[in-house]
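Spelled out, the chains give:
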Amino acid sequence: MQIEKFYYDNRTVKWFGYAVMFWSIIGMLAGLWAAISMYYPAMNLGIPATTFGRMRPVHTNAVIFAFVGNGIFMGVYYSLQRLCKARMFSDTLSKIHFWGWQLIIVAGAITLWAGKTTGKEYAELEWPLDIAIAVIWIVFGINMFGTIIKRRESHLYVAIWFYIATWVTVAMLHIVNSIELPVSMWKSYPVYAGVQDALVQWWYGHNAVAFFLTTPYLGLMYYFLPKAADRPIYSYRLSIIHFWALIFIYIWAGPHHLLYTALPDWAQSLGVVFSVMLIAPSWGGMLNGLFTLRGAWDKVKEEPVLKFLVVAITCYGMATFEGPMLSLKNVNAISHFTDWTIAHVHIGALGWNGFLTFGVLYWLVPRMWNTSLYSKKLAGTHFWIGTLGIVLYAVPLYWAGFTQSMMWKSFTPEGQLRFQFLETVTHIIPMYVTRSIGGALYLTGALLMVYNLFKTIRKGSFVANEAAEAAPLPEKIAAHGRTYWHRWIERRPMQMLVFSLIVVAIGGMIELIPTFLVRSNIPTITSVKPYTPLELHGRDIYIREGCYLCHSQMVRPFRDEVARYGEYSKAGEFVYDHPFQWGSKRTGPDLARVGGKYPDSWHYNHMMDPSSMSPGSIMPSYIWLFDHELDTSRTESMIHAMRKLGVPYPDGYAIEQANKDLAAQEKSIRSSLQADKVRTGSNKEIVALIAYLQRLGKDLKASETTSPQGNHKTLAGDGVNSSQLGPGQQKSAPKEQTAMKDADGRDVMGN
Amino acid sequence: MIITKLLEHMKFIHYIEKISGVSIYGLSSLLIFGSFFLVMLIWAIRADKGMMEELRQLPLDKIKGSGKIPIILIGLLLMSSGAFAAGPPAPSSIDNTFVILSLVIIVILAMAIGLLANVLLGASQIPVSKKEAPAGTLGDQPADDKEKVPGENGMPEKTYAGGMAVTASPRSPWSRSYLFLAATTINGVSDTAFYFISGVIILEVLILLTLLYNVRLVLSIHKKAKAAAEGETATAPAKPPVSWWARANKFKPIAEEADLDLGHDYDGIRELDNRLPPWWLYGFYGTILFACVYLWRYHVSHTAPLSREEYAISVQQADIAKAEYLKEAASLVDETTVKQLTATDELAAGEKIFETTCFACHGKSGEGGVGPNLTDDYWLHGGSIQDVFKTIKYGWPDKGMKSWKDDFSPLQIAQIASYVKSLQGTHPANAKAPQGTLYK
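1. Thoughts on the overall build of chain A
Regarding its fold elements, chain A presents 26 helices and 4 strands. Scaling as 2.2 N^0.38, a compact globule of 751 residues should have a C-alpha radius of gyration of about 27 Å, and chain A matches this with 27 Å. Oriented by its inertia axes, the alpha-carbon framework of chain A measures out at about 100 × 50 × 50 Å. Expressed as a percentage of the 751 residues in chain A, the buried residues total 68%. Here the analysis covers contacts within chain A between residues at least 6 apart in sequence; of these, 83% occur between residues at least 24 apart.

Dropping the structure here:
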């Protein structure tokens, strides 16, 4: 057979490698910023872009899509070519892929800082970027499959199975979760609502972890570990079993993010049991990796690359044991909404994803620049600092999460809650401080790495196109040696693609379809009505500022939560919530029943300066809400979109009545504020936010009381004056009283 | 069923749950192990000196597993601590089939232990009687027990953080509400009994395994001694003892790796045909079994409570606990019985809460702000101590005053109300204008 000569493309790998290094620093800096602002609220700087609510999505998107994303591409572009013995299918597509992805990231960062967000975790980027992601992902897919098809290696190595599964599943998840109706250039509403949105979101969210953070990195591990250690893979059998089991089982585990919520019980149980069954397939990956190092453990002591890989794989094992444990309902009852979840995430993120990326970089860069690493010692230092960073990150948060949860659940013998919410926050501040030290250490290690690699690059000479040669694929591929039945599909990438898609689609279909079609899963509550236009504006502001990142809106059926917040949340309450806002963390208290609990003026003062109403609070102040005008020109398109999504606003409401109702409600809130000596200009965003907050939980209370007196807004343009239940009554003889002052000491008149 | 009938006749078993506040199961475990050690003691005292000599000659340093014993003992101690918890009385469970079955298992295992111990003692005596055999039997045991197989340099310790839910001891003040999150009976027997029974069974199984291991070890020593005594030189090189970890994974030695190579070559990466680690595989099956049982119990047989039921149970149990507590507590004050408190420590307690909670709306000195002025004689909702108590307790939600009855105990509310009343006539700065009706 004629041996063909060809070249591997290293240039694209190089560019992705630069991107990884760059975005790692940016992403970690954003994370550090967010972490510090949790105990030093001044870090919020009083400007919208740097508040926690906007910084946190920048951090998560940067580390997931920019850092890990570019890491995936760097690793795939390098390994796929060599495993296929073929150059990437198209250099042009490689360029489009690279630049397209970076553009998406930059646009993403800017839009997130600007508050353009969908309000769904890890899917915050708005619809234009969602489309861009899909396009670039398809470009990636064409490039990848084109390379596989023109391969000169007859069978697909296990790493490639993982790449294929990754590609097809991420496509499925992204497309389904991003189905949204645009309202404006940078705003859209998901077609799903409430419970259904929650299920789709966490079907997506969990499997973003599975198929973006795990499977591609398992593929990378399967390539780079045996290469770096020069050892064979321990068990081919194990790789087959754990691959198929992993991609099948992972999809079902989404509901473990929604235990003890209003999600139907059967879906929760499926999430629990599949998460437990997931331990073995995940550990299969870990074992195959660690056992591959049999006979090379002495090398691990010498080589920083192997040290990083070993700790990465071990952290993967830890995280994939802890995850299923956290999916047990009794453990989840303690851990949900606390920092325990954050700790768990970062073991996986810092340990598995971070360290594997670092290990690959330390191995790849010297190779591609045809030189040796500038300083092994520095790499070793990075390793130890990074490991220490991980420990200092996770351990305080375990303590914080557990302690806070126990404090929340504490009752006095008389049956009173023992601790106010704020006490539980201030109690764990020292843990937040320690955590940020851990993160800073980790970032320092990464900086050392960038320096080290930079120096390595400087002293080396880049090999843009690496020569290689191999025989092309024969017409008929002869089987040799002991054959497995699995070899059949290893020769057929398209069937592999289709089978993988079928396997991953099953879990989603079984969980999603009944939740959408079977009505009894979401029992109707007749008192639940759509939001008023003003409240809708307020809700959009709530999402824009990222309030859902610190405040949940989901009271669980626990005695302590019912005592602290009110009646536990029912599925039917959320039918008009596009998107749902159940939240995943309680840095601040749950807001599901905050409507009517405090007077409008309390909210006014609280948003202006949280510590005035809650001394010791770490919540940032939102003073721009008092200056910004509400954009009522958007009302029509908002209502219109909601109607399209099935929210029963009356015909013609959007055009004729909506803004009238908005103005009336706005006026009534302003007058109630005035009665409490608070004056604000007309049409400010703060009023919309207050309207929204005062609506939360009201509908359910209305169904419990039979009071006819204005429970909440009636719509349908019948001229009924919209007055909120709650403080709005004229107080007798309001006298002079110092009004709330803004940061400059001026009376807040608003203007 | 004869057993059931027999036990039915032993009616007193239905009534004894505790003796002097200590659970019957704890006492019976104490009894069992007490008698065990008593019997051991008697046997040791009465054993004849000759047997003692032989035992002294046993190659005990070769017997592994001695480290297991302290661990087993500690485990036993920890498990039996549950037995001594004086929890709420559980329905008697002697006639429960699960219990009977378990007791039968325990007895059978105990007999197996006795048998095996006998075998071990017997087997260990054999090489001792060959003391006169040529040198090279007992003295020169192969020293390669501790030698490591090349390449088996020890696996990294698998550590994992997190873990199962912690059920805090019933004494912990924070555990009360959490105690009731899980069902309090398992299979119809109380938690205590269940854990005790399973603990004993697990312990017996562990002891059995240790004994089995040691029997095998002693027998292999015996075989070597026999071979040496008959003048045979060791034929094949002694296979170095394999670590438990290697056995758990069924590792093949690295030297034999080439046989396992599948002939795949991916850019230099090769693959071996090692088998799936057995503990991993059976663990996987175990999780699948867990899944089936879980779904069955929660959604088919409904023997496990779903979230709403769990909530209802916890509320019920909390109400019971609260009622019991309140019977004894002096804190039983409400808006009809509350009296003005005047003691300095009571007022100080009320002041502390006022300064951290009420000030936000009523001002630091009660001068008012968002809420009304509390220092004058005009009250919106009545100025008697009962009315003030009532206002704080229930709030006036539609006026903007939150209800505080879930945040503070009746005693605390009485303290706050008394403090508020004590602010009468203090004339603070920036006092809000009087609202409401006069009350003197």
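From this point, the narrative continues.
2. A few points about the overall build of chain B
The secondary structure content of chain B amounts to 14 helices and 6 strands. Buried positions account for 34% of the 440 residues belonging to chain B. Once local pairs closer than 6 in sequence are excluded, the contacts in chain B between residues at least 24 apart make up 71%. In the form shown here, chain B has an accessible surface area of approximately 26,700 Å², with 66% of it arising from carbon and sulfur atoms.

3. What about the interface of chain B and chain A?
Contacts between the two partners involve 85 residues from chain B, matched on the other side by 100 residues from chain A. Surface buried jointly by chain B and chain A totals about 8,200 Å² across both partners, of which 63% is contributed by carbon and sulfur atoms. The residue Glu257(B) makes a salt bridge to Arg231(A) at a minimum N-O spacing of 2.5 Å.

4. Some thoughts on helix H24 (residues 653-675) of chain A
When the terminal C-alpha atoms of H24(A) are compared, their 31 Å separation across 23 residues agrees well with the 33 Å that a helix rising 1.5 Å per residue should span. With its phi angle positive at about 70°, Lys677(A) sits one or two positions after the end of H24(A).

5. Here we look at helix H13 (residues 385-394) of chain B
All names here are of chain B. Of all the residues in H13, the buried ones are Ile385, Val388, Phe389, Thr391, Ile392 and Lys393. The inward-facing, buried residues of H13 contact strand E5 (378-379) and helix H14 (410-422). Once H13 finishes, Gly395 follows within two positions and takes phi at roughly 70°, a positive value.

6. Section: the packing of helix H6 (residues 194-229) of chain A against helix H13 (residues 339-368) of chain A
Residue and element names in this part refer to chain A. Interaxial distance between H6 and H13 falls to 10 Å at its minimum, and their mutual angle equals 40°. Seen along the crossing, H6 lies across H13 with a hand that is left-handed. Residues Leu213, Thr214, Tyr217, Leu218, Leu220, Met221, Phe224, Lys227 and Ala228 of H6 form the contact with H13, whose own contacting residues are Trp352, Asn353, Leu356, Thr357, Val360, Trp363 and Leu364. A breakdown of the residues in the contact of H6 with H13 according to their chemical character gives 12 nonpolar, 3 polar and 1 charged.

7. Concerning the packing of helix H21 (residues 600-608) of chain A against helix H25 (residues 685-695) of chain A
Residue and element names in this part refer to chain A. In contact at an axis separation of 10 Å, H21 and H25 are set at 125° when each is read in the N-to-C sense. By the angle class used here, H21 and H25 are oblique. The handedness of the crossing between H21 and H25 comes out as right-handed. Counted together, Asp600, His603, Tyr604 and Met607 of H21 and Ile686, Leu689, Ile690, Leu693 and Gln694 of H25 form the full contact between these two elements.

8. Side note on the side chain of Arg556(A)
Mapped onto the elements of the fold, Arg556(A) is located in the loop between helix H19 (533-544) and helix H20 (559-565). Contacts of Arg556(A), omitting those with residues within four sequence positions, involve Leu259(A), Tyr260(A), Asn332(A), Ala333(A), His336(A), Phe337(A), Glu561(A), Val562(A), Tyr568(A) and Arg586(A).

9. Remarks on the packing of aromatic side chains
All names here are of chain A. Here the structure, examined in full by the defined rule, presents 76 aromatic pairs over all chains. Ring geometry for Trp252 versus Phe274: centroids 4.1 Å apart, planes at 5°, classification stacked. Residue Trp252 is located in the loop between helix H7 (236-250) and helix H8 (265-277), and its partner Phe274 is located in helix H8; the two are separated by 22 residues in the primary sequence. When sorted by exposure, Trp252 lands in the same class as Phe274, which is buried.

10. What to know about a nonpolar patch on the surface
Residue and element names in this part refer to chain A. Where nonpolar side chains cluster on the molecular surface, the patch consists of Trp488, Val498, Phe499, Ile502, Ile506, Met509, Ile510, Ile513, Phe516, Leu517 and Val518 and spans about 980 Å² of accessible area. If one sorts the elements of the nonpolar patch by residue count, helix H18 (residues 493-517) sits on top with 9 residues. With respect to the helices and strands, Ile510 occurs in helix H18.

11. Notes on the confidence of the model for chain A
In low-pLDDT segments, the atomic positions of the prediction should not be examined closely. Scored by pLDDT, chain A comes out at a mean of 91, with 93% of its residues at no less than 70. Below pLDDT 50 for its whole length, residues 706-751 of chain A participates in 84 contacts with residues either more than four positions away or in separate chains.

12. Some points on the nonpolar core
Among the nonpolar cores identified, the biggest contains 266 residues, and Trp101(A), Phe212(A) and Phe358(A) are the most heavily contacted of them. Residues in contact with Trp101(A), not counting those within four places in the same chain, are Phe65(A), Gly69(A), Asn70(A), Phe73(A), Ile96(A), Ile133(A), Ile136(A), Trp137(A) and Phe212(A).

13. Some remarks on unusual backbone geometry
Put simply, His578(A) and Pro579(A) share a cis peptide bond, and its omega is -5°. The residue Pro579(A) is located in the loop between H20 and H21 in this model. Located in the positive-phi region is Lys85(A), a residue other than glycine, with phi close to 55°. Position of Lys85(A) among the secondary structure elements: in the loop between helix H2 (52-84) and helix H3 (91-113). Backbone geometry places Asp267(B), a non-glycine residue, at a positive phi of 50°. Mapped onto the elements of the fold, Asp267(B) is located in the loop between helix H9 (257-260) and helix H10 (278-300).

14. Examining the pattern of salt bridges
Inspection of the entire model under this criterion finds 35 salt bridges over all chains. Between Arg586(A) and Glu561(A) there is a salt bridge, and its shortest N-O distance comes to 2.9 Å. Of this pair, Arg586(A) sits in the loop between H20 and H21 while Glu561(A) is found in helix H20, placing the two residues 25 residues apart along the sequence. Each of the two residues, Arg586(A) as well as Glu561(A), counts as buried. The salt bridge involving Glu355(B) is made with Lys364(B); its shortest N-O contact spans 3.9 Å. Overall, the relative accessible area of 22% leaves Glu355(B) in the partly exposed class.

Quick notes on the rules
Residues numbered from 1 in each chain as written. Chains lettered and ligands numbered in written order. Predicted model: local features only at pLDDT ≥ 70, side-chain atom pairs only at ≥ 80, totals over all residues. Heavy atoms only, no water. Helix = DSSP H or I, 4+ residues; strand = E, 2+ residues; numbered from the N terminus. Rg over C-alpha atoms; globule rule 2.2 N^0.38 Å. Buried < 20%, exposed > 50% of the residue type's maximum accessible area, 1.4 Å probe, protein only. Contact = heavy atoms within 4.5 Å. Areas by Shrake-Rupley, 256 points an atom, 1.4 Å probe, with all protein chains shown as cover. Buried area = accessible area lost by both parts, 1.4 Å probe. Salt bridge = Lys/Arg side-chain N within 4 Å of Asp/Glu carboxyl O. Expected span 1.5 Å × (residues − 1). Axes fitted to C-alpha atoms, helices over the stretch in contact; angles between N-to-C directions. Left-handed = near helix turned anticlockwise from the far one by under 90°. Nonpolar A, V, L, I, M, F, W, Y, C, P; charged D, E, K, R; others polar. Parallel < 35°, antiparallel > 145°, perpendicular 65-115°, else oblique. Phe/Tyr/Trp six-rings, centres within 6.5 Å; stacked < 30°, edge-to-face > 60°. Patch = residues over 30% accessible without salt bridge, like charges linked within 9 Å, V, L, I, M, F, W, Y side chains within 5 Å. pLDDT = per-residue confidence, 0-100. Core = buried A, V, L, I, M, F, W, Y, C linked by side-chain atoms within 4.5 Å.

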